Amino acid sequence: MPPSEPFPKGEKICVSQIQHFSVNDGEGIRSTVFLSGCPLRCRWCCNPETWTSTPKSGRLPGAKEETFGRFLSVAEVMKELVRHAIFYRESGGGVTWSGGEPFFFPGNLRALVRACADRGIPQAVETTCHFDWEECADIVGLLDFVFADIKHMDGGVHERLTGIGNERILSNLKRLGATGIDAVVRVPLLSGVNDDEQNVARTARFVREHFRRPKMELLPYHDFGRAKYRMLGMESFWTEFETPSKERVAFLEALIRSEGVEPVSYR
Amino acid sequence: MSSSERTESARQEYVHGTPSVSCLRAAIWTESHKETEGEATPVRRAKAFAAACGKLPAIIFPGELIVGVSGEFRRSAILTPEFSWTWVDREMDSFDTRPQDPYRMSPQQREFARSAIWPYWKGKSLEEAFLKRLPEDTARLLVDTGILDNDSKWRQAVGEVTPDYQDVLFPKGYRRIRDEAAAHLAATKPDSLENLERRDFYHSVVIACDGIMRLAERYSEEAMRLAEKEADPVRRGELLEIAGNCARVPAEPPRTFAEACQFVWFVQLGAILSENPLALNPGRFDQYMYPYYAADVEAGRLTPERALELVECLWIKFSEWVWTISSNTANYFAGYNQFQNLTVGGRKRDGSDGTNELSYICLKATEGVKTHQPGLSVRISSDCPDDFLMAVSKLVATGMGFPAIHNDQAGAQMLLQAGYEPEDARDWNNCGCVVPHFRKTGEWTSAVNVNFGAAMEYALNEGKSRLTGEPMGLPERAPEEFVSFREVADAFLRQLANLVEHAVVGTLTAQKLHMEMVPRPFLSTCVDGCMQKGKDLSRGGAVYNVGPVLTGIGLGVVANSLAAVKKLVFDEKVCTMKELCAALDADWEGYDELRERALAAPKYGNDDDEVDSLAREISDFYYRTTRSHRDVFGSPFNSAFMGISNYVPTGKVIGALPCGRKARAPLSEGVSPFAGTDVSTPLAAMRSAAKVNHDVQTGGTLLNLRLNKEIVSTPRGLRNLGAMIRAYFSLGAFHVQFNTISTGELRAAQARPEEYRDLLVRVAGYSTQFVNLSREMQEAIIARTEHASF
């Protein structure tokens, strides 16, 4: 189990990046806060700098050194976020907690989520759903929206792809559905790996069964993370996958719809 | 694509036609003046105007619904030797080859101008008088220097008028205006100096009214003549309708939407012939045209489609005529831009929302014909319908840069600040570029461009130009003698105040000459107040006389420069003042590391209070300083941070600056960040720009931002754009305009990344700076942008 308290380094939280003017992970204009630390090791992950909870540095040949991540206090994070409150307000946007896995250090996330809730800032989270539900239920209760992944319905395949089984993920998703919080289940779509009709249909049926307003988003694989692996000297961890065709994605969206789940997109 | 075959073919002609100089107006003007020697100046001008109206060929081009042209060419550029002929003489041999805004002019025309036009005006033009009267120390800074620039006020007419259709032109028509002037003339005895001048004024108005009515009559006759020999029954019907419209307007009040459209064009045409003006604004078109539109639609005389076609025809007319300007002026106002600003949307006089069907039709017409005129502005109030904001966002997404988006409440606040009654303040329209304006006003809305970079340079170079070594500013101590940052900042403000003083001298000199030499009888009919006072517009006849606007250029670049001096010399002591100035003298050659540091200092446009607070202090100081001077009518001067293209030529005369900018590079425009230095997000740039106190900059403020096309490619994206606009305005800011990015620009950014550091693109669920991406990822994004899908 990852530690829940205290903070990884004194009172500070390792924030990989704060991306303002983020418009593809939730409604409106958002700020996405990438929190470092993750229990999964997805082989297509495009943010390998967030696997552990310390800043990472590296450089591409001939380029300057770049550092991902810095230690910030809750107050420092909030200072950056409240500057954008007017844009959240006008657009119906807010803050999106992402990672890494934002629930990896529940104490950190709790402090941040409470601070935003106190200021009336709407909040979404992007999560693997691999966390201790009992410990985190109060945090989930303060969120307005959840993006949760199901990388594969088969536990064995899931473990091969991410290093971890999916039992806890599916169990948390059931509980999430029961809370009634608005949610979208996402599938990072890898050609020939998890884009078969059987897996997608199973996922859709699971979503329909456990969510009142069942919605799914298919995210086709991209290789934009590759440069980062090279930069951080992590090339041996890099695996190349194939991007499913547009036609394949459209076909699977139709399949999802036929299972009674609404396909959505924030592109 | 235009809404009809007719407007599409006119659009094609407009796109492919080359502007051609027409000597006709100048020839008629000259002949008339030869015949009126000794008469009162206003009367002479009016007679020349009437002669032009009576003698210019009345040409109706194939397919036109709105008619009237200022010369023999569809895209005619007229000459106004009464303002200046010397620059035309100097430049006309290279008119067709100059890089910015070329014109066609034949050898025969040039010969004619030299033999038949110029000789009469030698010694009589406004330009010659201005150059003779301008004090020498001001002339050093003001004449073709790029430091202070007001040549559009002595080589050209002023323009900067919004004709009053609401209360004067439409309700009265020119016959009644003429009759009123004639009655005043009869009732005014020549028994005092004032009354003698009044009589000249009323006399000039009578003549000008006769002139414009005669012009319309001649178009009516021409339409009738063409109709008689027209074989196509549809076109024949149109020509008969044109004949009817021109027989009616502008002599009488319009009765239909088509008549009102033709009326508007005759007023524009009259003004063009009278002085070749800049910024002759059609104003709140959707407001004053709506009653005609609504009544016609209600009566079944007009469909929305036909209304759109008429509006498109009018847009093409606005775009076809060409503002003839010197190559120097063309650098400041690039792109054949006549700045006929047309405003739609916004609150009515009573404060209720005024958006109507015509507001949407105007947006649609601009999207359809893609003409550079009218300059389309929208007013967005906090009560603006979401549908309208969405329609505005959609037009932005087409990437044409229109419309200019304005904060309704901020505009009204600026006018209140300038002394307007609240109802009038609410009824503002845009003038020229981004100047909040009201139609019953005489105002030089763009009197002088003031180069802020020069003030920075003189402060750090003992009052001398870094490029020429000439003493230009106030004498100043050697830079190494500054012992604190405050001393540097104060030296800059002193130099700035000195430039403002000279800008005032140049303006007063020009204003006085305008009163004496170039009265405006025709435009005086368009502005309320002149008739009642018996005073020409140039002599303060308007209801409101608002002080001239001094436009500051380079706010961002001087804020950055002061921030760099503070950080490098005084806070971190990375270098001494002497070393910094040596680097500037060397244009940073051999000072790569210091320049890196200078570039890394805080930059305006990133929501960084350290530098943004300097921009606020400088802009407030500029406001207080300009406001402390008064013009010939006793009105306080006004300040502005407008754009146009003036930040390019003003940069060419300035050496390297402490912010890391190289010598001769452009300055920054309006309240926009220096190009490429707002590397955070457009939201941060908006927050920085909103820290300037917009409400006191009564001459307008301008913010240009770049946006990736993809961000606004979906309904969600369009809603987000609308939200950005509302958020920016709720921070109190006045104007924003967006450039959306095409593949060509992404390619340019690859080639010259230093100029595109602010270019934001969406990568994968987030957006980031394009130039910060690896080459392979850039290629991926270009591929995606081209296919507009993912």
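See the structure shown above.
Below is a short write-up of the structure.

**Observations concerning the overall build of chain A**
- Across its full length, chain A holds 9 helices and 11 strands.
- Along the three orthogonal principal directions, the C-alpha set of chain A runs to about 50 × 45 × 35 Å.
- Of all 267 residues assigned to chain A, the portion counted as buried reaches 59%.
- A separation of at least 24 residues holds for 71% of the contacts in chain A among residues at least 6 apart in sequence.
- The centroid of the 34 positive side-chain charges in chain A is displaced by 3 Å from the centroid of its 36 negative side-chain charges.

**Topic: the pairing of strand S9 (residues 182-189) of chain A**
All names here are of chain A.
- In terms of burial, S9 is largely enclosed, as 7 of its 8 residues are buried.
- As defined by bridge partners, strand S8 (residues 145-149) adjoins S9 across 5 bridges and the pair is classed as parallel. In the strand pairing of S9, Phe-147 is matched with Val-184.
- The pairing of S9 with strand S10 (residues 215-220) spans 5 bridges and is classified as parallel. Note on S10: the bridge partner recorded for Val-187 is Leu-218.
- With helix H7 (residues 197-210) bridging S9 and the parallel S10, this β-α-β connection has right-handed handedness.

**Details of the packing of helix H15 (residues 357-369) of chain B against helix H16 (residues 386-397) of chain B**
Residues and elements named next belong to chain B.
- Relative orientation of the contacting elements H15 and H16 amounts to 10°, with a least axis distance of 10 Å. Relative to H16, the element H15 is oriented roughly parallel. Facing Ser-359, Tyr-360, Leu-363, Thr-366 and Glu-367 of H15, the residues of H16 in contact are Asp-387, Phe-388, Ala-391, Val-392 and Leu-395.
- Across the contact of H15 with H16, the residue classes break down as 6 nonpolar, 2 polar and 2 charged.

**Re empty space enclosed by the protein**
Residue and element names in this part refer to chain B.
- Per the counting criterion, the structure on display carries 12 cavities of 30 Å³ or more.
- By volume, the largest cavity amounts to about 190 Å³.
- Glu-443, Trp-444, Leu-537, Ser-538 and Phe-633 are, among the 18 residues lining the largest cavity, the residues nearest its centre.
- Elements represented by at least two residues in the lining of the largest cavity include exactly strand S9 (441-442) and helix H20 (485-517).
- Looking at side-chain class alone, the lining of the largest cavity contains 7 nonpolar, 7 polar and 4 charged residues.
- Roughly 120 Å³ of internal volume is contained in the second largest cavity.
- Taken together, 14 residues form the lining of the second largest cavity, with Trp-29, Arg-45, Ser-274, Pro-519 and Pro-521 sitting closest to its centre.
- Those elements that provide at least two residues to the lining of the second largest cavity are helix H3 (41-55), helix H11 (257-275) and helix H21 (521-524).
- No other element matches the 3 residues that H3 contributes to the lining of the second largest cavity.

**Remarks on the environment of Phe68(A)**
- Within the secondary structure, Phe68(A) sits in strand S4 (residues 66-68).
- Not counting chain neighbours up to four residues away, the residues in contact with Phe68(A) comprise Ser16(A), Glu49(A), Pro55(A), Lys56(A), Lys228(A), Met231(A) and Leu232(A).

**Brief notes about the nonpolar core**
- Tyr174(B), Phe257(B), Phe492(B) and Phe738(B) are the most contacted members of the largest nonpolar core, which totals 253 residues.
- For this core, the leading source of residues is H20(B), giving 15 residues.
- If sequence neighbours within four positions are ignored, Phe257(B) has contacts with Met289(B), Tyr292(B), Tyr293(B), Asp296(B), Leu302(B), Ala307(B), Leu310(B), Val311(B) and Leu358(B).
- Core analysis: the second largest hydrophobic core is formed by 55 residues, Val74(A), Met78(A), Leu170(A) and Ala183(A) among them.

**Some words on the packing of aromatic side chains**
All names here are of chain B.
- By the definition in use, this model includes 41 aromatic pairs over all chains.
- Ring plane angle 90° and centroid distance 5.0 Å describe the contact between Tyr-120 and Trp-121, whose orientation is recorded as edge-to-face. Here the two residues Tyr-120 and Trp-121 agree in accessibility, since each one is buried.
- Between Phe-170 and Tyr-292, the ring centres sit 5.3 Å apart and the planes meet at 80°, which makes this aromatic pair edge-to-face. Residue Phe-170 is found in helix H8 (residues 165-187), and its partner Tyr-292 is found in helix H12 (residues 285-299); the two are separated by 122 residues along the sequence. This pair shows no difference in class: Phe-170 is buried, exactly as Tyr-292 is.
- Taken together, Phe-49, Tyr-165, Phe-170, Tyr-174, Phe-263, Trp-265, Phe-285, Tyr-288, Tyr-292, Trp-315, Phe-318 and Phe-522 form an aromatic cluster joined through their ring pairs.
- Across the ring face of Trp-29, the terminal group of Arg-25 is positioned such that the distance to the ring centre comes to 3.6 Å.

**Topic: unusual backbone geometry**
- Note the cis peptide between Gly99(A) and Gly100(A), where omega equals 15°.
- Among the secondary structure elements, Gly100(A) is positioned in the loop between strand S6 (94-99) and helix H3 (106-118).
- Cis geometry is adopted by the peptide bond preceding Pro250(B), which originates at Val249(B) and carries an omega value of 10°.
- Inspection of the secondary structure assignment puts Pro250(B) in the loop between helix H10 (233-248) and H11.
- A positive phi angle is found at Trp588(B), which is not glycine, with a value near 70°.
- By relative accessible area, which is 1% here, Trp588(B) ends up buried.
- Positive phi outside glycine occurs at Arg664(B), with the angle close to 70°.
- Within the secondary structure, Arg664(B) sits in the loop between helix H27 (649-652) and helix H28 (682-690).

**Structural notes on the sheet that holds strand S13 (residues 638-640) of chain B**
Residue and element names in this part refer to chain B.
- The 4 strands lie next to each other as S3-S10-S12-S13, forming an open sheet whose pairing is mixed. In the strand order of this sheet, the two ends are held by strand S3 (148-149) and S13, each with one partner.
- Direction of pairing for strand S12 (residues 549-553) relative to S13: parallel, over a ladder of 3 bridges. Opposite Val-549, over in S13, you have Asn-638 as the bridge partner.
- Where H20 meets the sheet, its contacts fall on S3, strand S10 (448-451) and S12, and the angle it forms with S10 comes to roughly 160°.

The rules behind the values
- Residues numbered from 1 in each chain as written.
- Chains lettered and ligands numbered in written order.
- Predicted model: local features only at pLDDT ≥ 70, side-chain atom pairs only at ≥ 80, totals over all residues.
- Heavy atoms only, no water.
- Helix = DSSP H or I, 4+ residues; strand = E, 2+ residues; numbered from the N terminus.
- Buried < 20%, exposed > 50% of the residue type's maximum accessible area, 1.4 Å probe, protein only.
- Contact = heavy atoms within 4.5 Å.
- Lys, Arg positive; Asp, Glu negative; His and termini not counted.
- Charge placed at Lys NZ, Arg CZ, Asp CG, Glu CD.
- Pairing = 2+ DSSP bridges.
- Right-handed = clockwise from strand over helix to strand, strands pointing away.
- Axes fitted to C-alpha atoms, helices over the stretch in contact; angles between N-to-C directions.
- Parallel < 35°, antiparallel > 145°, perpendicular 65-115°, else oblique.
- Nonpolar A, V, L, I, M, F, W, Y, C, P; charged D, E, K, R; others polar.
- 1 Å grid on protein atoms, 1.4 Å probe; cavity = no way out; pocket = protein on both sides within 12 Å on 5 of 7 lines; lining within 4 Å.
- Points joined across faces, edges and corners; volume = space filled by probe spheres on them.
- Core = buried A, V, L, I, M, F, W, Y, C linked by side-chain atoms within 4.5 Å.
- Phe/Tyr/Trp six-rings, centres within 6.5 Å; stacked < 30°, edge-to-face > 60°.
- Lys NZ or Arg CZ within 6 Å of the ring centre and 35° of its normal.

Worth remembering: the numbers are spatial, not functional.
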